[in-house]
Amino acid sequence: MPGLLERVLETALTDTLFFGQILIRRSDQGFVLLHRDDQHREDLHVFRGAESAIEIARYDDAGNYRPLKTAPNLRHGWQLELSTLEELKCGLDYFYPGRLSVFVAWKTDQLCTTPLRDTLDRQSGMYRLAAKISDEQINDLIGHFCRSDGGCLRTILWKRDQHGAIASTKLPAQKFDPAYDQAAPGPRSPTAATTATLAAIPLLCQEPCNLLVAECRNVVKGESAPSDATPNAFGATTSEK
């Protein structure tokens, strides 16, 4: 009996499926994956096998290492051919580690989320300082660090604290809604989470990541970029022009 994820993939792939910046299509030999921006290109470099996704996801277009795999900087110019549904699952997990299992847990009401303050309070060593960050600093930091257009493509499910405060009032409401495709260009589109025609599987964020914790520490130490800066795809920040 196929599991939920297999059923979602099988149903969605009657045509195409989006997963973050990846477009997935059926082919006569199995499945084809490519960057969603490249669907009309004919000069793509062909890779085969799920493990090729590791190399594709490692660097951006400029050859810079991608420490955050859900950053919106997946490189272009490739096409990955996979033979089986199992290979497809493995390949997608290499592109976006853990996101498929988080999606399944969420769909089956088994996903537990962790507030940012809880994550910060349990830090030890050099990262204990991160817990001293103020709510105002959190609001500014997350509003820039986690934004979909330059920071991270995950949909935030966690709260700022145990009282249920929103992570940041500086992010649009869609950033917290799994029914919106964070990687879609222009106005966000409905996703597989809530629509009858499965078009996309959301990248869900159930707890603050290590990069955000590290940036909280930098803010407390006064080493972070100013709040009017825009995060680049590596978790660092660059001032807006």
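All values reported here derive from a predicted model rather than from experimental measurement. (Residues numbered from 1 in each chain as written. Predicted model: local features only at pLDDT ≥ 70, side-chain atom pairs only at ≥ 80, totals over all residues. Heavy atoms only, no water.)

Caption draft 1: Geometry of unusual backbone geometry. You will see that Asp109, though not glycine, has its phi angle at about 60°, which is positive. The class for Asp109 is exposed, based on a relative accessible area of 74%. (Buried < 20%, exposed > 50% of the residue type's maximum accessible area, 1.4 Å probe, protein only.)

Caption draft 2: Geometry of the nonpolar core. By size, the foremost hydrophobic cluster in this structure holds 34 residues, and its most contacted members are Leu33, Leu88 and Phe95. Other than its neighbours up to four places away in sequence, Leu33 contacts Ile22, Leu23, Ile24, Trp78, Gln79, Leu80, Leu82, Leu88, Leu92 and Phe95. Residues Leu120, Ile138, Leu171 and Leu212 belong to the second largest nonpolar core, which totals 19 residues. (Core = buried A, V, L, I, M, F, W, Y, C linked by side-chain atoms within 4.5 Å. Contact = heavy atoms within 4.5 Å.)

Caption draft 3: Focus on the environment of Ser148. Counting through the fold element by element, Ser148 comes out in the loop between helix H6 (135-145) and strand E6 (155-156). A C-alpha to C-alpha distance of 9.8 Å links Ser148 and Pro172, two positions 24 residues apart in sequence. At 3.1 Å, the side chain of Ser148 forms a polar contact with the side chain of Lys175. Within the structure, Ser148 has its side chain in polar contact with the side chain of Gln182 (distance 2.7 Å). (Helix = DSSP H or I, 4+ residues; strand = E, 2+ residues; numbered from the N terminus. Polar contact = N/O pair within 3.5 Å; in protein donor to acceptor, adjacent residues only side chain to side chain.)

Caption draft 4: Expanded view of the pattern of salt bridges. As enumerated under the stated definition, the model contains 11 salt bridges in all. Of the charged contacts in the structure, one is a salt bridge between Asp135 and Arg117, with a shortest N-O distance of 2.8 Å. Note that Asp135 is positioned in helix H6 and Arg117 in helix H5 (residues 116-121), a separation of 18 residues in sequence. Between Arg147 and Asp149 there is a salt bridge, and its shortest N-O distance comes to 2.9 Å. Look at Arg147 and you get buried, because its relative accessible area is 18%. The network of salt bridges with common partners includes Glu6, Glu86 and Lys89. (Salt bridge = Lys/Arg side-chain N within 4 Å of Asp/Glu carboxyl O.)

Caption draft 5: Representation of empty space enclosed by the protein. By the definition in use, this model includes two cavities of 30 Å³ or more. Roughly 110 Å³ of internal volume is contained in the largest cavity. Lining the largest cavity are Leu68, Phe145, Cys146, Cys152, Arg154, Ile156, Trp158, Lys175, Cys205, Cys209 and Leu212. Its residues assigned to classes, the lining of the largest cavity comprises nine nonpolar, no polar and two charged. Put simply, the second largest cavity is a space of about 80 Å³. (1 Å grid on protein atoms, 1.4 Å probe; cavity = no way out; pocket = protein on both sides within 12 Å on 5 of 7 lines; lining within 4 Å. Points joined across faces, edges and corners; volume = space filled by probe spheres on them. Nonpolar A, V, L, I, M, F, W, Y, C, P; charged D, E, K, R; others polar.)

Caption draft 6: The arrangement of the side chain of Arg36 in detail. Considering the arrangement of structural elements, one finds Arg36 in the loop between strand E3 (30-35) and strand E4 (45-48). A relative accessible area of 8% means that Arg36 is categorised as buried. Once residues lying within four places of it in the same chain are set aside, the contact partners of Arg36 are Phe18, Gly20, Gln21, Leu23, Asp181, Ala183 and Ala184.

Caption draft 7: Quick look at the packing of aromatic side chains. Scanning all chains against the criterion turns up four aromatic pairs. Aromatic side chains Tyr59 and Tyr65 sit 6.4 Å apart centroid to centroid with 70° between the ring planes, which places their arrangement in the edge-to-face category. Among the residues examined, Tyr59 registers a relative accessible area of 33% and is labelled partly exposed. Taking the centre distance of 5.2 Å and the plane angle of 25° together, the rings of Trp78 and Phe95 count as stacked. With Trp78 in strand E5 (residues 78-82) and Phe95 in helix H3 (residues 85-95), this residue pair connects regions lying 17 residues apart in the sequence. Residue classification places Trp78 among the buried positions, given a relative accessible area of 0%. (Phe/Tyr/Trp six-rings, centres within 6.5 Å; stacked < 30°, edge-to-face > 60°.)

Caption draft 8: Looking closely at the pairing of strand E2 (residues 22-27). Where strand E1 (residues 16-19) lies against E2, four bridges are found, and the strand directions are antiparallel. Bridge assignment links Leu17 to a residue of E2, and that residue is Ile24. Looking at chain direction, E2 and E3 are connected through six bridges and run antiparallel. Opposite Ile22, over in E3, you have His35 as the bridge partner. Adjacent in sequence and paired antiparallel, E2 and E3 are bridged by two residues. (Pairing = 2+ DSSP bridges.)

Caption draft 9: Broad picture of helix H4 (residues 99-107). Of all the positions in H4, only Arg99, Leu100, Val102, Phe103 and Ala105 are classed as buried. Where the residues of H4 are buried, they touch helix H1 (4-12), E1, H3, strand E9 (200-201) and strand E10 (204-205). Trailing H4 by a residue or two, Asp109 shows a phi angle of about 60°, which is positive.

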